[in-house]
Amino acid sequence: MNFYTNTIFIKVLDHSVSKESFDLLLDDQLQLLKTHPQPSFETLPSYYESEDYISHTDSKRTLFEKLYHLVKVNALKKKVSLLSKQNPSKGSLLDIGAGTGDFLIQAKASGWNTLGVEPNEKAKKISLSKGVRFAKSLEDLENNTFDVITMWHVLEHVPNLKHQIKTLKRLLKPNGTIIIAVPNYKSFDAKYYKSFWAAFDVPRHLWHFSKISIQKLVEKENLKLVKVKPMWFDSFYVCLLSEKYKTGKMNFIKGFLIGFISNCSGIIKKEYSSHIYIIKNI
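## Side note on the pattern of salt bridges
Part 1 of the argument: Enumeration over the complete set of coordinates arrives at seven salt bridges.
Part 2 of the argument: Here Asp 102 and Lys 130 are joined by a salt bridge, their closest N and O atoms 2.8 Å apart. In this pair, Asp 102 sits in helix α2 (residues 102–109) while Lys 130 sits in the loop between α3 (121–129) and β6 (146–152), placing the two residues 28 residues apart along the sequence.
Part 3 of the argument: Residue class for Asp 102 comes out partly exposed when judged on its relative accessible area of 21%.

Take a look at the structure:
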């Protein structure tokens, strides 16, 4: 997808892996930020090669990782509960970017017919050891196959954004549901930490979304955004990492305080650290 803008919104470092600097370019019409330059398809995997990339591991080495996995257990239950509210009769579920597979395991235990897609071989190997079922690729899947498609903090990683949304539309059954969770660069914590905001996570995050950008992108494919929900715990996780990037240490008290303030701000302004978007096929 091409965006006709040269406006630099902010310059950001890759704090976790390469320490390289990237620009975030603003598409004013879509209210979407694009990481520039974006790594090539061949070099992009190297930016994920870190033991600290927590979504690709079940590691519990540090207090931070232990807290992450403790919160994750509760978050998984809420995610599956959200699925059931959207589709009480259950059905077929595709999770794109399945990571280490825990969400699909929870969904399957609740009665869903599950399938995952995961490009990272390390994470996929962990999932396979748990019995998670995978498709080789999205392109191999038939049209109008799934009742629900989920992307939990995945859309921001996808190189070809326009093609990805077209693929979601193609795979979804009539009246089916897409659930997308992504960070929100208009949140209080994003504005507070600025270039140290951990959810920019360049260059792994190729795109940076607002509510307006998600709505406009899905409408282009005749999909309808029907609801936006907050991800309450994301602000605390992001603020703790942001404190580490900004100060060099994990300041739990300051991180939790800013996360709490961000959620309070979200209640008033409806701009949370991360949003869940519920999208319907029309």
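## Some words on the nonpolar core
Part 1 of the argument: Judged by nonpolar contacts, the single largest core of 35 residues is most densely connected at Leu 94, Phe 209 and Ile 279.
Part 2 of the argument: Contributing elements (two or more residues each) for this core: β4 (92–96), β5 (113–117), β6, α4 (161–171), β7 (172–183), α6 (211–219), β9 (223–230) and β10 (274–281).
Part 3 of the argument: Residues in contact with Phe 209, not counting those within four places in the same chain, are Leu 32, Leu 155, Glu 156, Leu 161, Val 182, Pro 183, Asn 184, Tyr 185, Ile 214 and Leu 217.
Part 4 of the argument: Membership of the second largest hydrophobic core comes to 20 residues, among which are Val 12, Ala 198, Ala 199 and Cys 239.

## Thoughts on the packing of aromatic side chains
Part 1 of the argument: Throughout the structure, instances matching the rule amount to nine aromatic pairs.
Part 2 of the argument: The interplanar angle of 75° and the centroid separation of 5.5 Å between the aromatic rings of Phe 9 and Tyr 185 together place this pair among those described as edge-to-face. In this pair, Phe 9 is assigned in strand β1 (residues 8–13) and Tyr 185 in the loop between β7 and α5 (188–193), connecting sequence segments 176 residues apart.
Part 3 of the argument: We classify Phe 9 as partly exposed; its relative accessible area is 39%.
Part 4 of the argument: Under the relative-accessibility criterion, Tyr 185 is labelled buried at 6%.

## Points about the environment of Thr 150
Part 1 of the argument: Its location among the elements puts Thr 150 in strand β6.
Part 2 of the argument: With residues near it in sequence (within four places) discarded, Thr 150 still touches Leu 83, Leu 93, Leu 94, Asp 95, Ile 96, Phe 103 and Ile 179.
Part 3 of the argument: Polar side-chain contacts of Thr 150 include one of 2.8 Å to the side chain of Asp 95.

## Here's the deal with empty space enclosed by the protein
Think of a ball as big as a water molecule: rolled over the atoms, this probe shows where empty space is left.
Part 1 of the argument: According to the stated counting rule, one finds two cavities of 30 Å³ or more in the structure shown.
Part 2 of the argument: Taken as a whole, the largest cavity holds about 50 Å³ of empty space.
Part 3 of the argument: Of the residues contributing to the lining of the largest cavity, the split by class is eight nonpolar, three polar and three charged.
Part 4 of the argument: Of the voids in this model, the second largest cavity is the one considered here, and its volume is about 30 Å³.
Part 5 of the argument: Together, Glu 156, Pro 183, Tyr 185, Ala 199, His 205, Trp 207, His 208 and Phe 209 line the second largest cavity.
Part 6 of the argument: A breakdown of the residues in the lining of the second largest cavity according to their chemical character gives five nonpolar, two polar and one charged.

Rules of the game
Residues numbered from 1 in each chain as written. Predicted model: local features only at pLDDT ≥ 70, side-chain atom pairs only at ≥ 80, totals over all residues. Heavy atoms only, no water. Salt bridge = Lys/Arg side-chain N within 4 Å of Asp/Glu carboxyl O. Helix = DSSP H or I, 4+ residues; strand = E, 2+ residues; numbered from the N terminus. Buried < 20%, exposed > 50% of the residue type's maximum accessible area, 1.4 Å probe, protein only. Core = buried A, V, L, I, M, F, W, Y, C linked by side-chain atoms within 4.5 Å. Contact = heavy atoms within 4.5 Å. Phe/Tyr/Trp six-rings, centres within 6.5 Å; stacked < 30°, edge-to-face > 60°. Polar contact = N/O pair within 3.5 Å; in protein donor to acceptor, adjacent residues only side chain to side chain. 1 Å grid on protein atoms, 1.4 Å probe; cavity = no way out; pocket = protein on both sides within 12 Å on 5 of 7 lines; lining within 4 Å. Points joined across faces, edges and corners; volume = space filled by probe spheres on them. Nonpolar A, V, L, I, M, F, W, Y, C, P; charged D, E, K, R; others polar.

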